[in-house]
Structure formats: C-alpha cells, structure tokens
Amino acid sequence: MEKNRRVYLTFSLVLIFSLLSGMGFAQQTGIKPLEKNPAGYSFNDRQMLSYTFAKGVLNIETNYGLVQSFFYEPKVARIKDFPTSTATADSCVAVILNTKDTKVSVDDQPDFLRFQSDSLQIIFHKNPFYASYVYHGDTLLKEDKGYFERGNEKGLQFKIGKNEHYYGLGERAVTALKGHYFQLFNQAHYGYGMGQENLNFSVPVLLSSRRYLLLYDNPEKGFADVGHSDKNILEFGANGGLMKYVFIAGYNYPDIYHSYGRLTGTQPLPPRWALGNLQSRMAYQNQNEADSIFQAMQTKDFPMDAMIFDFYWFGNDIKGYLGELHWYKPRWPDPKQMIANFRKKGVKTILVTEPYIIDTLKHYQIGKKLGIFSTDSLGKTFVNTRFYFGLASLIDIFKPVARNWFWDQYNKQIKIGVAGWWGDLGEPETISEHQYFVSGKADQVRNLYAFYWEKLLFDRYRKNYPETRLFDLNRAGYAGSQRFSVFPWSGDISRSWSGLQAQLPVMENMSMSGMPFIHADAGGFAMGVKDNELYTRWLQFACFTPVLRPHGSGIPSEPIFFSDTTQQIVRDFMKLRYRLLPYIYTVAWRTDVEGTPIIRPLFFEYPNDSTAYSVIDEYFFGPDFLVAPVLHPGVKSLKVYLPKGLWYSWWNHQKFEGGKWITVPVNLETIPIFVKAGAFIPMVKAVNSTDYYSSKDLTVLYFPSGKSSEGVMYEDDGKTFDAYKVGNFQLLKFSTEDGKKFTFSVSGKGYKGEPSIRKVTFTIIGQKPVHFNLKSGQTKVVDMK
C-alpha cells in the first residue's frame with residue numbers, strides 16, 4: 001500500500017503541474033466539493049406521534065416530520081422522510097418498478113410498529129423513533145438517527161454492524177469503502193491511480209455483506225460517509241432533495257440483484273460485436289491513417305469488431321471544434337464509403353460526441369437561437385470560460401428542444417452507417433454552480449445529466465430503430481443508467497501500474513452498483529511511457545472484462561505497435577476471448593434477464609467464505625472463471641485465494657483444492673485463471689470479426705466435480721433487440737447427474753441464421769473428446785463410461 005500511495009502522490013503532483021501549466025485535459029469543474037458540515041444537529045431523537053395505514057402505505061407522523069413507507073415487493077421496501085407533516089409530490093428517475101399488490105400488515109405494539117410482508121419486517125421503534133429491518137428473523141440493518149438535519153445538510157444515518165463490509169457507490173478506486181468519506185457527484189480526474197475516492201460515475205447504491213442493498217435515492221450533490229467520521233455510523237446526505245431510500249433483502253446476492261434489476265431495470269443484451277475487440281485511440285487523424293491501421297491489424301491477424309473515432313472526425317484540432325458534429329472533409333474525404341468498406345470487412349464505426357458546443361461554430365448560433373443551452377440566473381446562455389477545449393456552452397439535455405436537436409445530429413450519422421456512440425465529458429466535465437438548467441441548478445441536476453443523455457439515445461433508438469441494439473459508451477450516469485444500454489468506462493486512467501491496480505476496485509464496485517459493462521481504457525490512457533510488460537498485463541486482464549477496448553493518448557494503443565513478444569501474447573488472449581464468446585454472450589444474456597453482474601467479487605459466489613470478502617485483486621468473470629490479474633512488474637509467482645471446492649487451472653488443467661491461498665508460478669504469457677469444478681464451458685472457433693461467428697462447430701469442456709452439474713448456452717442472431725422476449729433464440733442445455741452420463745438439448749423457437757445441425761466436440765477434462773451432431777429441438781444423451 002505504501003508503494004501505491006507514493007505512485008498516486010507522484011501522479012497527483014504531475015496533474016497539479018499539468019493544470020497550472022495548461023497542459024493535458026484540465027478538469028476544472030467550478031463546483032466546490034461538499035464538505036462535511038461541522039454544525040450541530042437541528043434536533044436529536046425523534047418521537048412517533050401517530051400513524052395511518054391505507055392501501056398498503058404507512059404514514060407515521062413524528063415530532064420532526066412525516067415518514068412514509070411501502071413495499072414494492074415482499075423483499076423491497078421504500079422509506080421517505082419528509083421534513084414537515086405533509087407528504088409532498090416526489091419524482092424518482094432511478095426506479096421503474098410499480099408497487100404490486102404485496103400483502104402487508106401493521107402490528108401496533110406498545111414500543112414499536114411492525115410493518116411487514118411475508119418475508120421482510122420493518123420495525124419502527126416509537127421513542128426514540130428509528131427503523132430496523134428484519135429478514136426471516138435476522139436483523140440486517142438499523143437506523144441510527146435515521147433522518148437528520150445538520151446545518152445546510154439533510155441526511156440519513158444507519159448503524160454499521162460488526163465486521164460489516166460494503167461494496168458499490170459507483171467508481172471508487174479504493175480497496176475497501178469502510179473508513180472513507182465519498183462525494184456523491186460525478187467528476188473527472190485526469191491521470192488517476194489507486195486510491196482515488198471520487199470519479200466520473202457516482203451511484204448511490206450500497207451492498208452490505210449482511211446481504212441487503214440500499215439505494216439512497218437522491219440525485220443531488222451529496223456524500224456518503226462510510227464509517228469515516230464515526231466508525232460505527234453510515235451516513236448519506238445532501239444539501240437538497242428529499243431524503244429517501246430503498247431497502248432490498250435477499251436469500252443470496254443473485255436474489256438481491258434480481259430484485260434490484262426489477263426495481264431500476266436491467267442492461268439489455270448488447271450486439272454480439274460489442275463483446276469483440278473495439279479498437280480506439282486518441283485519435284485517428286485522417287482516413288488514410290485509419291485505413292492503414294486497420295489493414296495492419298488484419299495483416300497481423302488481430303481480431304477487430306469496431307474502430308472508434310475521436311475528435312478529429314469533426315475537426316482539425318483538439319480545441320475549437322467540439323459540437324461541429326459533421327465530418328471534417330479535408331481529413332475524411334469520403335466517410336460514407338470508408339464506413340461501408342470497414343463494414344464489409346466486419347468492422348463497425350463508432351463516433352465520439354460531446355455535449356458542449358464551441359462558441360465560434362455555426363452550430364453554436366443555431367443552438368443559441370433554438371435555446372438549447374444551459375443559462376445563467378437571468379436566463380442568458382451560459383458560456384463556460386474554464387473549458388479546456390475553448391469557450392463553449394453546454395447543451396441543456398433536460399430540454400425537449402435540445403434533445404430533438406441533438407438527436408438530429410446523431411441520426412444523420414446513423415443513416416450513413418455509424419453503428420455505435422461514445423459520449424464523452426458527460427459528468428459534465430466543466431460546469432459552474434451558477435449554471436442553470438430547465439430542471440434546476442447545476443448541483444441539483446449534475447448527477448442526472450449523463451442519465452438523460454443516455455435516455456435520449458435509448459428512447460430514440462427504440463422509436464426510430466426498434467430492432468437495433470444500442471451501443472453507447474459513456475463515462476458518467478446515475479442509478480438506472482444500465483437500462484439505457486450504457487457501457488461505462490473508468491475515465492482518464494493513468495498509464496501506470498497504479499492505474500491498472502485501480503481498475504479492480506473500480507470494476508467490482510461498479511458491478512455491485514448495477515452497472516455490468518464497466519471497463520477501462522485497456523493499456524492506460526494518460527501520461528506514462530511505452531511499456532511492453534504493462535501493456536501485456538493490461539490487455540490480458542481486459543480480455544476477461546465485459547468490454548475489450550484498447551485506448552490511450554500520446555502512445556499508440558494498438559498491439560501492432562508493441563514488441564513481437566507482446567503482439568503474440570495479446571493476439572493469443574484476444575483469440576481466446578473470441579473462442580469464449582458463447583460463454584461471454586450467455587453471461588451477458590443472464591445480466592439482461594436476471595440482473596446478475598458479469599464481474600463478481602469472490603464473495604458474490606461464496607457468501608459464507610469470510611476470506612472472500614476481503615479479496616479485491618481477484619474476481620469472477622461470470623459464474624465459472626476466477627481471474628487473478630498480474631498487477632505489478634516482474635512478477636514470478638502470485639498468491640491466489642481459491643474458495644472452498646475443487647478448481648482447475650485453465651492453462652494446464654491442474655486440480656487444486658480450495659478454501660486456502662496457493663502460490664502460483666507466473667510467466668509473461670499467462671495470468672492465473674481457474675475454472676470452478678462442475679462448469680460447462682462452451683467455445684467456438686476464433687474469428688477476426690463477430691460477423692463470421694458461428695456455433696455450428698461447437699466445443700464443450702466439462703470440468704468434473706463428482707457431483708450433478710448443469711450449464712446453459714444462449715444463442716440468437718446477435719443483433720435484434722429483445723430477441724429473447726419475442727422468442728427468437730435457442731437455449732442449449734448441458735447436464736449430468738453422475739459425471740458419466742450427460743444430457744444435451746436444444747430448445748427455443750430459433751432465429752434467423754441458426755445452424756440446423758451443430759457438430760459438437762465434448763471433452764471431459766482429463767479424457768479423450770467425443771464427437772456427435774446435435775439438431776435443433778433434439779435431446780441427446782451421451783454415455784462417457
């Protein structure tokens with residue numbers, strides 16, 4: 001840790017110098033962080049005065065305001081704390097679940113009210129007044145003060161249980177949340193590394209090791225104090241907005257995320273190509289350069305499914321062109337033909353857009369006349385004078401006229417073949433506390449800016465291109481953004497070992513915040529030097545994350561520009577990812593239908609393993625792969641924790657008994673990857689674009705457990721929105737009762753382009769493979785005695 005602190009301090013000093021000298025991406029928000037308010041409380045303990053219960057809603061009047069509670073579902077409850085005795089109108093953007101006819105009752109006892117469903121009880125203690133949550137007889141959470149007022153702040157206080165651990169709150173590059181004070185507002189940090197507490201994507205969702213989840217449902221600028229001021233107190237707060245939260249209990253972690261998925265929405269299944277190699281850099285400068293790099297990637301046999309174009313697609317420089325949003329013809333003489341040529345070879349085009357418009361552009365005058373920009377307090381267009389890219393105004397994404405204009409610019413590019421989008425600077429990166437939007441002041445709506453930007457694209461695709469799956473990179477958002485097909489990345493990470501190390505807690509905390517497709521600029525983005533070992537280790541790790549997207553500034557991000565050894569290793573890992581597409585695609589499908597994450601901390605799969613809660617530098621990729629990235633230079637061996645059970649090395653199939661730490665030899669060619677015993681891993685032949693993907697020739701590996709096992713593989717056409725919901729899919733199921741006799745089946749209505757017969761190669765690890773054909777609608781039993 002001391003080494004990480006020194007590295008982080010070094011990068012902090014570099015960043016400060018960069019800001020002072022005007023170099024790099026100067027991130028100057030204009031909004032001061034919300035500081036912990038030292039003022040005293042407006043009141044101490046509350047007392048219950050009376051209550052009413054009607055139509056499933058419990059209203060409790062206290063001597064300091066009204067508390068309202070109801071159940072969305074038997075294990076999902078809402079609490080609202082109103083500062084007066086009157087319940088006022090309230091809106092919520094994160095939650096989409098309607099209250100169901102959940103059977104609830106109220107039991108009035110001398111010292112408490114018991115408000116309960118068939119599985120969850122909320123105990124409202126009368127004097128002092130506070131709530132506690134009991135799930136099947138186990139008290140999971142107690143409020144401390146509950147609602148409080150302190151100076152300009154209002155908030156909620158809860159007790160932290162003994163040995164309780166927390167995960168979530170969006171992007172947090174720290175090894176443990178407990179003991180930290182976090183800001184709840186989206187903000188960019190250039191060149192960050194391990195230890196950065198506050199980043200681009202803040203999500204007020206907290207998962208507890210006691211198997212409950214809290215959604216602090218207030219999007220205004222706020223904070224989360226996780227045992228920092230008082231080691232026994234969890235506190236959420238803000239300067240405005242209603243203090244309200246949702247409590248979710250569950251019998252295990254997947255059950256909790258099923259409920260959270262119903263509450264806020266799940267991430268729709270992406271196009272299959274989004275799971276391939278998405279090549280990017282800052283920035284491809286012209287059509288000739290893009291063509292030549294694509295050709296070189298093909299010549300050197302690297303798979304590639306998309307090329308991502310940064311700011312040069314619409315301008316001649318990094319400054320002065322944001323908001324132009326049409327092709328800069330001197331650099332790109334025939335973009336439509338270029339896009340078509342790429343598409344014929346399996347490569348899709350993704351374009352960057354930003355929500356700012358530079359004040360010297362034609363679009364600025366058009367936007368000003370239409371009234372699409374945010375304003376000052378007098379209603380005049382607000383000009384951000386501290387914006388790195390030039391004097392500019394920010395589109396007011398909350399205005400219908402602004403959304404209509406913005407969509408028109410997107411639609412022009414979709415019509416010439418653009419397949420996906422990259423929304424940058426959506427925190428928004430530069431914003432002033434004196435800036436106004438139609439929905440409120442900057443600190444009231446900042447956290448919702450990217451959320452509404454993502455909603456704009458999703459809604460318009462559903463209206464205009466209803467069968468197309470949206471791909472939308474964005475580095476900010478709010479709880480519920482996942483339902484708009486957002487693919488968040490972790491911001492301008494430093495090109496350093498500290499930057500790489502930071503990605504594991506960022507990725508795991510975001511996954512536990514309901515954002516399943518979190519990923520990083522593979523290879524690192526900012527500063528640093530060209531380092532073959534660092535690039536190799538980062539790309540090995542990235543191939544086992546939800547999105548593989550090499551990207552960086554100053555140094556080429558494509559593997560073809562690194563050493564021959566690096567190229568061979570990276571190529572092998574990319575090819576392995578493409579071979580594993582049936583597995584990865586199935587995990588993404590489960591995310592859509594069940595709300596379960598792709599990246600899972602060890603405790604998610606092994607909740608009764610106390611050690612698993614403190615392991616941050618390993619993770620599950622889906623339910624079956626345990627991945628331990630190499631995060632330091634020159635590593636020759638690595639200590640890896642394997643939870644209880646039987647495990648197999650992916651590389652040589654060596655067996656290990658879990659429930660302990662093991663030391664694994666490490667070479668440059670691989671990273672430690674293990675497969676859980678009992679897993680069925682479906683694989684296909686590697687291709688250089690998912691356009692050529694086929695499961696006609698299917699390999700299924702089985703890792704014996706000596707117990708009954710089952711697996712599933714989901715297949716559809718890889719591109720049609722809601723294919724599963726309308727029945728256009730196939731499910732391939734694999735199962736065994738005894739490890740000797742196996743059942744294979746194919747069910748589902750089917751889809752366009754499906755194989756009529758699959759040629760299956762089935763291998764039990766340690767045995768010779770067998771080959772057989774599997775037809776649609778068929779069930780086949782294979783005896784491996």
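For every chain, the first residue of the written sequence is number 1, and numbering continues from 1 along that sequence. Reporting in this predicted model follows two pLDDT cut-offs: at least 70 for local features of residues, and 80 or more for side-chain atom pairs to be given and counted; totals over whole chains, interfaces and linings ignore these cut-offs and use all residues. The side-chain figures draw on all heavy atoms in the structure; neither hydrogens nor water molecules are used.

Asks: Tell me about the sheet that holds strand E17 (residues 243–249), and name the residues and values.
Replies: Backbone-to-backbone hydrogen bonds pair the strands of a sheet. The strands run either parallel or antiparallel. By the convention used here, strands pair only if DSSP detects at least 2 bridges between them. Helix numbers and strand numbers start at the N terminus; a helix is a DSSP run of H or I with at least 4 residues, a strand a run of E with at least 2. Here we have eight strands laid out as an open sheet, ordered E1-E2-E3-E4-E17-E14-E13-E11, and antiparallel in their pairing. Each edge of the open sheet carries a strand with a single partner, namely strand E1 (48–54) and strand E11 (166–170). The sheet shows a mean angle of 20 degrees between the axes of neighbouring strands, direction not considered. Sheet topology note: the strand E13 (residues 202–208)/strand E14 (residues 212–216) ladder contains four bridges and is antiparallel. Within the sheet, the bridge partner assigned to Leu-206 lies in E14 and is Leu-214. Its contacts with the sheet place helix H2 (residues 253–264) against strand E3 (65–73), strand E4 (76–82), E13, E14 and E17, and it is angled at close to 140 degrees to E17. When checking whether two residues touch, look at their non-hydrogen atoms; a contact exists if any pair is within 4.5 Å. Only the contacting stretch of a helix is used when fitting its axis, a line to C-alpha atoms as for every element, and angles between N-to-C directions run 0 to 180 degrees. Sitting on the sheet, helix H9 (residues 497–511) is in contact with E11 and E13, with an inclination near 90 degrees to E11.

Asks: How would you explain the pattern of salt bridges if you had to name every residue and give the values?
Replies: Basic side-chain nitrogens of Lys or Arg form a salt bridge, by our definition, when they fall within 4 Å of a carboxyl oxygen of Asp or Glu. Applying the stated criterion to the full structure yields 31 salt bridges. In this structure, Lys-159 engages Asp-144 in a salt bridge whose closest nitrogen and oxygen atoms are separated by 3.0 Å. Separated by 15 residues along the polypeptide, Lys-159 in strand E10 (residues 153–159) and Asp-144 in strand E9 (residues 138–150) bring together distant segments of the chain. Residue class for Lys-159 comes out partly exposed when judged on its relative accessible area of 39%. Burial classification: accessible surface area is computed with a 1.4 Å probe over protein chains only, and a residue below 20% of its type maximum counts as buried, one above 50% as exposed, and the rest as partly exposed. Residue Asp-144 is classed as partly exposed on the basis of its relative accessible area of 27%. Across the pair Arg-475 and Asp-424 runs a salt bridge, and its minimum N-O distance is 3.4 Å. Within this pair, whereas Arg-475 is found in the loop between strand E26 (472–474) and strand E27 (486–488), its partner Asp-424 is found in the loop between strand E23 (420–423) and strand E24 (436–437), the two being separated by 51 residues in sequence. On the accessibility criterion, Asp-424 (11% relative accessible area) is buried.

Asks: Please set out a negative patch on the surface residue by residue, giving values where relevant.
Replies: Any residue with relative accessible area above 30% and no salt bridge may belong to a patch, with like charges joined within 9 Å and the nonpolar Val, Leu, Ile, Met, Phe, Trp and Tyr side chains within 5 Å. The Shrake-Rupley method, run with a 1.4 Å probe, gives the accessible areas here. Residue values count only the displayed protein chains as cover. Only four residue types enter the charge count: Lys and Arg as positive, Asp and Glu as negative, with His and the chain ends excluded. By convention, charge coordinates are those of NZ in Lys, CZ in Arg, CG in Asp, or CD in Glu. Judged by side-chain charge, Glu-710, Glu-737, Asp-738 and Asp-783 come together as a negatively charged surface patch. Along the chain, Asp-783 turns up in strand E43 (residues 779–783). Overall, the relative accessible area of 43% leaves Asp-783 in the partly exposed class.

Asks: Quick one: what's the story with the layout of surface pockets, residue by residue and with numbers?
Replies: The volume enclosed by the largest pocket comes to roughly 930 Å³. The method works on a 1 Å grid over the protein atoms by themselves. A cavity is a set of points holding a 1.4 Å probe that cannot get out, a pocket is an open set with protein on both sides within 12 Å along at least five of seven lines, and residues with an atom within 4 Å of a point line them. Along the walls of the largest pocket sit 36 residues, with Glu-605, Pro-623, Asp-624, Lys-676 and Glu-710 positioned nearest its centre. Sorting the residues of the lining of the largest pocket by element identifies H2, helix H12 (581–594), helix H13 (602–605), strand E36 (680–683), strand E38 (709–715) and strand E39 (730–736) as the ones contributing at least two each. Looking at which element gives the most residues to the lining of the largest pocket, the answer is H12, with six residues. Gly falls in the polar group here, along with every residue not listed as nonpolar (Ala, Val, Leu, Ile, Met, Phe, Trp, Tyr, Cys, Pro) or charged (Asp, Glu, Lys, Arg). In terms of residue class, the lining of the largest pocket is made up of 15 nonpolar, eleven polar and ten charged. Around the second largest pocket, the lining comprises 28 residues; the ones closest to its centre are Trp-273, Arg-343, Asp-717, Gly-718 and Lys-719. Counted by class, the lining of the second largest pocket contains ten nonpolar, seven polar and eleven charged residues. Grid points are joined across faces, edges and corners, and a volume is the space filled by probe spheres set on the points.

Asks: Please set out helix H10 (residues 532–542) residue by residue, giving values where relevant.
Replies: Among the eleven residues that make up H10, nine are buried, leaving the element largely enclosed by the rest of the structure. For H10, the complete set of buried residues consists of Leu-534, Tyr-535, Thr-536, Arg-537, Trp-538, Leu-539, Gln-540, Phe-541 and Ala-542. Here a polar contact is recorded for every N or O atom pair within 3.5 Å, except that within protein the pair must consist of a potential hydrogen donor and a potential acceptor, and residues adjacent in sequence are included only if both atoms are side-chain atoms. N-capping of H10 is provided by Asp-531, with a side-chain oxygen placed 3.0 Å from the backbone N of Glu-533.

Asks: Just give me the short version of the side chain of Ser-695, but keep the residues and values in it.
Replies: Tracing the backbone through its elements, the reader meets Ser-695 in the loop between E36 and strand E37 (697–702). Looking at Ser-695, its side chain comes within polar contact range of the side chain of Glu-715, at 2.8 Å.

Asks: Report on unusual backbone geometry, specifying residues and quantitative values.
Replies: For residues besides glycine, phi is generally negative; the peptide bonds are generally trans as well. Cis peptide bonds are those with omega within 30 degrees of zero, and the linkage from Asn-127 to Pro-128 qualifies with 0 degrees. Along the chain, Glu-427 connects to Pro-428 via a cis peptide bond; the corresponding omega equals -10 degrees. The backbone of Leu-325 sits at a positive phi, close to 55 degrees, despite the residue not being glycine. Note that Leu-325 resides in the loop between strand E19 (306–309) and helix H4 (335–344). Residue class for Leu-325 comes out buried when judged on its relative accessible area of 5%. Located in the positive-phi region is Leu-425, a residue other than glycine, with phi close to 65 degrees. Assignment of secondary structure puts Leu-425 in the loop between E23 and E24.

Asks: Can you lay out the packing of aromatic side chains for me, pointing to particular residues and giving the numbers?
Replies: Each Phe, Tyr or Trp ring (for Trp, its six-membered ring) is paired with any other whose centre lies within 6.5 Å, and the angle between the two planes then decides the class: stacked below 30 degrees, edge-to-face above 60, tilted in between. Applying the stated criterion to the full structure yields 82 aromatic pairs. Ring plane angle 20 degrees and centroid distance 6.0 Å describe the contact between Phe-406 and Trp-453, whose orientation is recorded as stacked. Here Phe-406 is found in helix H6 (residues 400–414), whereas its partner Trp-453 is found in helix H8 (residues 449–464), with 47 residues between them in sequence. Note on accessibility: Phe-406 and Trp-453 belong to one class, buried. Taken together through their ring pairs, the aromatic side chains of Phe-398, Phe-437, Tyr-449, Phe-451, Tyr-452, Phe-458, Tyr-478, Phe-484 and Phe-721 make up a single cluster. Cation over ring: Lys-145 sits above Tyr-41, and NZ or CZ is 4.6 Å from the ring centre. Two limits define a charge over a ring: the Lys NZ or Arg CZ must be within 6 Å of the ring centre, and within 35 degrees of the ring normal. A cation over an aromatic ring shows up here: Arg-571 above the ring of Phe-302, its NZ or CZ 4.6 Å from the ring centre.

Asks: Kindly report on the sheet that holds strand E15 (residues 222–226), identifying the contributing residues and their values.
Replies: Across the sheet, which stays open at both edges, the nine strands sit in the order E5-E6-E7-E8-E9-E10-E16-E15-E12 with antiparallel pairing between neighbours. The open sheet is flanked by strand E5 (105–108) and strand E12 (180–184), the only strands paired with a single partner. Averaged over all adjacent pairs, the angle separating strand axes in this sheet is 20 degrees, with direction ignored. Bridge count for strand E6 (residues 112–116) against strand E7 (residues 120–126) is five bridges, and the pairing is antiparallel. The residue of E7 that forms the bridge with Phe-112 is His-125.

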